[in-house]
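Residue-level structure breakdown
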Amino acid sequence: MSVGTIGSESLRHEMVDRLAADHAAKGLTLRPEVEAAMRTVPRELYTPGLPLEEAYQNTAVITKRRGEETISSVSAPFLIAEMLGQAVDALEGLEGRHALEIGSGGYNASILRELVGPAGSVTTVDIDPEVTDRAATCLAAAGYNDVTVVCADAEQPIEPGRRYDLIIVTAGAWDIPPAWRDQLTDDGVLVVPLRTFGMTRSWALRRSGDRLASASHRQCGFVSVQGAGAHEMRYVDIADGVHLRLDEGQQIDTAAVGGLLLQPRQEAWAELNLPPRTVLSDLDLWLATRLRREVSEFVVLSAQEEAVTSGVVAPAWRFGTPAAVHDGTFSYRSALRWTGRMFDIGAYAHGSAAAAAAGRMVEHMRAWVDADSPSPVLHVLPASTPDRDLPEGAVLDKRHNRVVLAFTPA
Ligand SMILES: C[S@@+](CC[C@H](N)C(=O)[O-])C[C@H]1O[C@@H](n2cnc3c(N)ncnc32)[C@H](O)[C@@H]1O
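Bear in mind the structure is a predicted one, so any value in this text is a computation, not a measurement.

**Notes on the side chain of Thr321**
- Along the chain, Thr321 falls in strand E14 (residues 321-326).
- A distance of 2.6 Å separates a polar atom in the side chain of Thr321 from the backbone oxygen of Trp317.
- Each residue touching Thr321, except ones within four places of it in the same chain, is listed here: Val299, Val300, Leu301, Pro315, Ala316, Tyr332 and Arg333.

Right under this line is the structure:
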């Protein structure tokens, strides 16, 4: 189904051409059926009031804020394409499948509607009645009258007894409520942006009994889950424009860490020549699993652009870089060091044992490269699972689950 204007159609094709190029640059393939669906659904019908050109930017469109916090948006097209690609890959196609989307907006639900075809079904649920009203209106305007829109907290089953081949969550979760697993068919797939060690990845998790195991993951960011499953993530300032992302219960002496930042910086480098497209998001999870065994606090550093340009900090990625506080020392993964077209990875540290802390972080980076840059597999098991039944890996105990991040050789 496609409603829209001629101008909209050409902008839409340009956007999808850019998505295909972005995927290729990341070493991913834009699945043909996702591409076809995104060439069909007119995004401007889900962003009323926005100029047509802006509806086709590759960014999220914020639709609701609470104070400073964004609580609802129409997701960025690249993220929608990547997550739907994960679903298509894990289920070997979506034709005829029954899908539940958690977090509504209308746009993703319509693309899903195209993907599942007439024999499939799409239900979308949102906790916020303003969002479901808006999504229902937009879906009707675009002619997608057969998407079921439900207003509820998705922590609980949506239609008791009903099961879905695919549940796709479009809000950032800290844990996986039992209802998400239980509403899946026996080999159903849950695609969910899940936070582990303060870093969010979209995981495609396949069900096997009461367990889930990942088939793929992508780096991403999302507005947080609200309602019964909400889990506080705090940002604390350690200097002007420099923040630490802390998990619930994590306590940091921010003044002390801020003081450490003022001390001279030591650095260490892995002395590697890595090619430009080397993806380092798995390295960050590797570092988290290694460092948290050794340091008092593993944290995530983020910074405003001005704090980076003025040299207060030089993190690998200013939106979230692995960092550690230990023994009067603050260390983090540094910005890349380029030599021609190749780059090296390293660490910066401040404080009493700065050189050793930077060196330790770099040892872990080298170990990751020496192990052929492995990717993690995420296992999700019920909270009651005894240690002896856990797979090998770094264990995170959450409210409903024991989550294990396992690195196996590439
Ligand atoms: C990024 S928006 C969804 C984007 C949408 N899927 C699209 O098509 O672009 C995330 C939504 O998740 C919703 N949400 C957050 N917590 C929820 C919960 N517990 N149950 C249902 N919806 C929830 C928010 O109200 C918000 O509208």
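Right, picking up where we left off after that structure.
**Observations concerning the nonpolar core**
- Counting 57 residues, the largest nonpolar core has Ile176, Trp180, Leu190, Leu205 and Ile345 as its most contacted members.
- Residue contributions to this core peak at eight residues, all from helix H11 (residues 354-370).
- When residues no more than four places from it in sequence are discounted, the contact partners of Ile345 are Trp269, Ala270, Leu272, Leu274, Leu280, Leu283, Arg333, Leu336, Met365 and Val369.
- Membership of the second largest hydrophobic core comes to 44 residues, among which are Met15, Tyr46, Ala99 and Leu112.

**Here we look at the site of the ligand**
- What surrounds the ligand is a group of 26 residues, the closest being Ser72, Ser75, Glu101, Asp126 and Gln226.
- One of the backbone nitrogen or oxygen atoms of Gln226 is found 2.8 Å away from a nitrogen atom of the ligand.
- Against a free-state accessible area of 610 Å², the protein chains account for coverage of 99% of the ligand.
- Elements represented by at least two residues in the shell around the ligand include exactly strand E2 (69-74), helix H5 (107-116) and strand E4 (121-126).
- A per-class count over the shell around the ligand returns eleven nonpolar, eleven polar and four charged.

**Quick notes on the packing of aromatic side chains**
- Inspection of the entire model under this criterion finds eight aromatic pairs.
- Measuring from ring centre to ring centre gives 6.4 Å for Phe197 and Phe298, while their planes differ by 85°; the resulting arrangement is edge-to-face. Here the residue Phe197 occupies a position in the loop between strand E7 (184-196) and strand E8 (199-208), and Phe298 occupies one in strand E13 (residues 297-303), the gap between them amounting to 101 residues. Summarising the burial analysis for this pair, Phe197 and Phe298 share the class buried.
- Put simply, the rings of Trp269, Phe330, Tyr332 and Tyr348 pair up and form one aromatic cluster.
- The ring of Tyr107 is capped by Arg43, whose NZ or CZ atom sits 5.5 Å from the centre of that ring.
- Sitting over the ring of Trp286, Arg290 keeps its end group 3.8 Å from the ring centre.

**Quick word on the packing of helix H9 (residues 281-291) against H11**
- Close contact between H9 and H11 brings their axes to 10 Å; oriented N to C, the two are set at 125°. Taken together, the axis directions place H9 and H11 in an arrangement best described as oblique. For the pair H9 and H11, the sense of crossing is right-handed. Where H9 approaches H11, its residues Asp282, Leu283, Trp286, Leu287, Arg290 and Leu291 are matched on the opposing element by Met361, His364, Met365, Ala367 and Trp368.
- When its residues are assigned to classes, the contact of H9 with H11 shows eight nonpolar, one polar and two charged.

**Regarding the pattern of salt bridges**
- Enumeration over the complete set of coordinates arrives at 20 salt bridges.
- For Arg31, the salt bridge identified is with Glu33, shortest N-O distance 3.6 Å.
- We classify Glu33 as partly exposed; its relative accessible area is 28%.
- The shortest N-O distance in the salt bridge between Asp89 and Arg31 comes to 2.4 Å. Taken together, the residues Asp89 in helix H4 (residues 77-91) and Arg31 in the loop between helix H1 (6-25) and helix H2 (32-40) connect sequence positions 58 residues apart.
- Among the charged side chains, a salt-bridge network with shared partners connects Asp17, Glu35 and Arg39.

**What about the sheet that holds E7?**
- Pairing is mixed across the open sheet formed by ten strands, whose spatial order is E5-E4-E3-E6-E7-E8-E9-E19-E21-E20. This sheet does not close on itself; its edge strands, each paired only once, are strand E5 (147-151) and strand E20 (394-397). Shown here is a sheet whose adjacent strand axes are inclined to one another by a mean of 20°, direction ignored.
- Note that strand E3 (residues 98-102) and strand E6 (residues 164-169) share four bridges and pair parallel. Residue pairing in the sheet places Leu100 in a bridge with Ile167 of E6.
- Set on the sheet, H4 makes contact with E6, E7, E8 and strand E9 (211-219); between it and E7 the angle comes to about 145°.

**As for H5**
- A large share of H5 lies buried, amounting to nine of its ten residues.
- When we look at burial in H5, the residues that qualify are Tyr107, Asn108, Ala109, Ser110, Ile111, Leu112, Arg113, Leu115 and Val116.
- Positioned one or two residues after H5, Gly117 has a phi angle of 70°, which is positive.

**Looking at the side chain of Glu44**
- Topologically, Glu44 is positioned in the loop between H2 and helix H3 (52-55).
- The buried charged residue Glu44 lacks any salt bridge, with Arg12 as its nearest oppositely charged partner at 4.4 Å.
- Among the polar contacts listed, one links the side chain of Glu44 to the side chain of Ser8, at a separation of 2.9 Å.

**So, the domain arrangement of the protein**
- Domain boundaries assigned for the protein yield domain 1 (6-229) and domain 2 (233-370).
- Relative placement of domain 1 and domain 2: their C-alpha centres are 32 Å apart.
- Where domain 1 abuts domain 2, roughly 1,200 Å² becomes buried across the two surfaces, and 59% of that area is made up of carbon and sulfur atoms.
- Asp247 is the partner of Arg195 in a salt bridge, and the nearest nitrogen-oxygen pair spans 3.7 Å.
- At the surface where domain 1 touches domain 2, the tally comes to four residue pairs in polar contact (both at pLDDT 80 or more).
- Those elements that place two or more of their residues in the side of domain 1 that touches domain 2 are H1, E7, E8 and E9.
- Element by element, the count of residues in the side of domain 1 that touches domain 2 is highest for E8, at three residues.
- Among the residues making up the side of domain 1 that touches domain 2, the classes are represented as six nonpolar, four polar and two charged.

Analysis parameters
- Residues numbered from 1 in each chain as written.
- Predicted model: local features only at pLDDT ≥ 70, side-chain atom pairs only at ≥ 80, totals over all residues.
- Heavy atoms only, no water.
- Helix = DSSP H or I, 4+ residues; strand = E, 2+ residues; numbered from the N terminus.
- Polar contact = N/O pair within 3.5 Å; in protein donor to acceptor, adjacent residues only side chain to side chain.
- Contact = heavy atoms within 4.5 Å.
- Core = buried A, V, L, I, M, F, W, Y, C linked by side-chain atoms within 4.5 Å.
- Buried < 20%, exposed > 50% of the residue type's maximum accessible area, 1.4 Å probe, protein only.
- Near = heavy atom within 4 Å.
- Areas by Shrake-Rupley, 256 points an atom, 1.4 Å probe, with all protein chains shown as cover.
- Nonpolar A, V, L, I, M, F, W, Y, C, P; charged D, E, K, R; others polar.
- Phe/Tyr/Trp six-rings, centres within 6.5 Å; stacked < 30°, edge-to-face > 60°.
- Lys NZ or Arg CZ within 6 Å of the ring centre and 35° of its normal.
- Axes fitted to C-alpha atoms, helices over the stretch in contact; angles between N-to-C directions.
- Parallel < 35°, antiparallel > 145°, perpendicular 65-115°, else oblique.
- Left-handed = near helix turned anticlockwise from the far one by under 90°.
- Salt bridge = Lys/Arg side-chain N within 4 Å of Asp/Glu carboxyl O.
- Pairing = 2+ DSSP bridges.
- Lys, Arg positive; Asp, Glu negative; His and termini not counted.
- Domains from an automatic or database assignment.
- Buried area = accessible area lost by both parts, 1.4 Å probe.

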